[in-house]
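Working through the structure, step by step
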Amino acid sequence: MNTDNANQEPELIDLYQKPEKIYTRSFSGHFRTLRLAGGTFLFLLFFGTCWINLNGRQAVFFDLPARQFHIFGTTYWPQDFILLSWLLIICAFGLFALTVFAGRIWCGYTCPQSVFTWVFMWAERITEGERNRRMKMDKEPMSLGKFLRKSAKHTLWLSIAFATALTFVGYFIPIRQLVLDIAALDVAPWGIFWLGFFTLATYGNAGYLREQVCIHMCPYARFQSVMFDNDTLVVAYDKHRGEQRGPRKKSADHKTMGLGDCVDCSVCVQVCPTGIDIRDGLQYQCIGCAACIDACDTIMDKMGYDKGLIRYTTDNELAGQKTRWLRPRLIGYGSALFIMICLFIFSVSHRMPLELEVLRDRNVLFRVINDDQVENIYTLKVANKDQQPHLIRIRVAGIENLKIAGRTAIVAEPGSVQQEIIRVIAPLIDGAPSTRPVRFSISSSQPGLEAITAESRFMMPGPERKP
Ligand code: SF4
Ligand code: SF4
């Protein structure tokens, strides 16, 4: 028996690799400007829309207790969820088409995770300083200066996170009232919970998790590669032009030194929010943000070389072949998207703001009046999904001389479901079938709302029964 091996301490192999903190470096360039413009627009949209009022009501407001969604003067009810499904399918196909064409451009420019991460990185930079300073400070022991800088960063992060939470919750609880409640320290328990939850979620996601969300948690990152083909635009390093990489003087003729255009400065790695080296080829961690393009273009400018060593390109172009912009997959996604958008617009523009449901009284089948008339009772449910009241006229047809006993007009209040008990009377017809179809209709004076109908049955005594 080998006693040496028996006495040896077992070696522990840690299967979990601790992610290294990424210190991004600031940079400038066309794509950064483009992302800044897009991000500013999206921020204005998100933070501003909830403050717009229309007809005395918040223009975009999701009233969950009342199950009504108010969007710019139109109220959507749970019955309209089919429209929401359409919208989600359109967004999904839009994303697929965009991915086939331009890779992960959505992730780099418009995904909330990326946009908030860029904002939090900016907050980090203005409070803790540039990349080198932050790296140095993190290695230093705690001091008053470090404490103040860290406190300023976390205060700014929490302020942005709270503003985000307040705005998001403000789409579900009227934002003006919510702000007054916060000022008066009188927020309802659910309001406090959601404000706290979204503040912590934003703070944690954009402050700490950052690229980990994109790399490990986002499902889109996992399945997007199946949508890529050799003609998809991706951020790529032109290794034919860049290699052999290596440092050199600006004045040196690098070609005679056997070097390519890459000066191996690693600036493209230092600006990358996911911490990868794009020179190793396309990787699933790449969110297509083009930060490395801007950074490398700056270096190319300084060296007096052509820009575009890292650029948006396609595998075919890198291989010296022609890129096919129009291809069957893209045409397929595009056509499906176009058809769905048309159908969605048609459905929204033809959406009826009134709905009618008719329920027969199940307790009494019919009642014979004066030996020559039969009465049936119905409950009409009239839903007014509009934001204005409607004077509704009720009619019934299907049997000769059929009439409504009682009032035939009601006022349907906006955003309400009105129930009306209706007595309908028909002449008694000897030997008639015991049940006949009848059709109820409601109409409003507003054009386009003339005939909303619902079918029901009218019960007669039947041929074998005497009244
Ligand atoms: S920034 Fe450009 S030159 Fe510098 S290492 Fe990256 S690819 Fe090479
Ligand atoms: S490799 Fe370039 S494009 Fe991809 S995530 Fe990093 S910086 Fe953005």
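Calculation notes
Residues numbered from 1 in each chain as written. Chains lettered and ligands numbered in written order. Predicted model: local features only at pLDDT ≥ 70, side-chain atom pairs only at ≥ 80, totals over all residues. Heavy atoms only, no water. Helix = DSSP H or I, 4+ residues; strand = E, 2+ residues; numbered from the N terminus. Rg over C-alpha atoms; globule rule 2.2 N^0.38 Å. Contact = heavy atoms within 4.5 Å. Areas by Shrake-Rupley, 256 points an atom, 1.4 Å probe, with all protein chains shown as cover. Phe/Tyr/Trp six-rings, centres within 6.5 Å; stacked < 30°, edge-to-face > 60°. Buried < 20%, exposed > 50% of the residue type's maximum accessible area, 1.4 Å probe, protein only. Lys NZ or Arg CZ within 6 Å of the ring centre and 35° of its normal. Near = heavy atom within 4 Å. 1 Å grid on protein atoms, 1.4 Å probe; cavity = no way out; pocket = protein on both sides within 12 Å on 5 of 7 lines; lining within 4 Å. Sits in = over half its atoms within 2 Å of the grid points. Nonpolar A, V, L, I, M, F, W, Y, C, P; charged D, E, K, R; others polar. Arc of directions from axis to C-beta. Pairing = 2+ DSSP bridges. Axes fitted to C-alpha atoms, helices over the stretch in contact; angles between N-to-C directions. Polar contact = N/O pair within 3.5 Å; in protein donor to acceptor, adjacent residues only side chain to side chain. Parallel < 35°, antiparallel > 145°, perpendicular 65-115°, else oblique.

Quick look at the overall build of the chain
Of regular secondary structure, the chain possesses 16 helices and 16 strands. For 467 residues, the compact-globule estimate of 2.2 N^0.38 gives 23 Å, and the chain exceeds it by more than 25% at 34 Å. Once the C-alpha set of the chain is aligned to its principal axes, its extents read approximately 110 × 70 × 60 Å. When contacts within the chain are restricted to residue pairs at least 6 apart in sequence, those whose partners lie at least 24 apart make up 67%. Surface exposure of the chain reaches about 26,800 Å², of which carbon and sulfur atoms provide 61%.

Quick notes on the packing of aromatic side chains
In total, this model carries 27 aromatic pairs according to the counting rule given. On the basis of an interplanar angle of 65° and a centroid distance of 6.5 Å, the ring pair of Phe 27 and Trp 118 is categorised as edge-to-face. One end of the pair, Phe 27, is in the loop between α1 (3-7) and α2 (30-49); the other, Trp 118, is in helix α5 (residues 112-128), and 91 residues separate them in sequence. A relative accessible area of 18% means that Trp 118 is categorised as buried. Aromatic ring contacts, followed pair by pair, group Phe 62, Phe 69, Phe 81, Phe 168, Phe 172, Trp 190, Phe 193, Trp 194, Phe 197 and Phe 198 into a single cluster. Positioned above the aromatic ring of Tyr 76 is the side chain of Arg 351, whose terminal nitrogen or guanidinium carbon lies 4.5 Å from the ring centre.

A closer look at the environment of Asp 186
Mapped onto the elements of the fold, Asp 186 is located in the loop between α8 (175-183) and α9 (189-209). Residue class for Asp 186 comes out exposed when judged on its relative accessible area of 53%. Residues Asp 186 and Ile 173, 13 residues apart in the sequence, show an inter-C-alpha distance of 14 Å.

Quick notes on the site of ligand 1
Within the structure, ligand 1 sits among Tyr 237, Cys 262, Val 263, Asp 264, Cys 265, Ser 266, Cys 268, Arg 279, Cys 296, Met 300, Leu 309 and Ile 310. Using a 2 Å cut-off from the grid points, one finds that ligand 1 occupies the second largest cavity. Classifying every residue of the shell around ligand 1 gives nine nonpolar, one polar and two charged.

Topic: α8
All of the buried residues in α8 are Ile 175, Leu 178 and Asp 181. The buried residues of α8 occupy an angular sector of 120° when the element is viewed end-on, so they sit on one face. Projecting away from the buried face of α8 at angles above 90 degrees are the exposed residues Leu 180 and Ala 183. Along its buried surface, α8 packs onto β2 (57-58) and α7 (144-169). Positive backbone phi, at 50°, marks Leu 185, one or two positions downstream of α8.

Digging into the sheet that holds strand β3 (residues 60-63)
What the three strands build is an open sheet, ordered β3-β4-β5; its pairing is antiparallel. Looking at strand neighbours, the two that pair on one side only are β3 and β5 (74-76), the edges of this open sheet. Averaged over all neighbouring strand pairs, the angle between strand axes comes to 15°, with direction disregarded. As paired strands, strand β4 (residues 68-71) and β5 are joined by three bridges and run antiparallel to one another. Residue His 70 lies in a different strand from β5, and its bridge partner there is Thr 75.

Considerations on the side chain of His 390
Checked against the element boundaries, His 390 lands in strand β11 (residues 390-397). At 2.9 Å, the side chain of His 390 forms a polar contact with the side chain of Asp 386.

Digging into the packing of α7 against α8
Following both chains from N to C, one finds α7 and α8 inclined at 130°, their axes separated by 9 Å at the closest point. Judged by the angle between their axes, α7 and α8 are oblique. Of α8, the residues touching α7 (which contributes Phe 162, Leu 166, Thr 167 and Val 169) are Ile 175, Leu 178, Val 179 and Ile 182. The class makeup of the residues in the contact of α7 with α8 is seven nonpolar, one polar and no charged.

A word on the site of ligand 2
If you check the shell around ligand 2, you find 13 residues, and the closest are Cys 272, Cys 286, Cys 289, Ala 290 and Cys 292. A majority-of-atoms criterion places ligand 2 in the largest cavity. Considered class by class, the residues forming the shell around ligand 2 number eleven nonpolar, two polar and no charged.

Keep in mind these numbers describe shape, not what the thing actually does.
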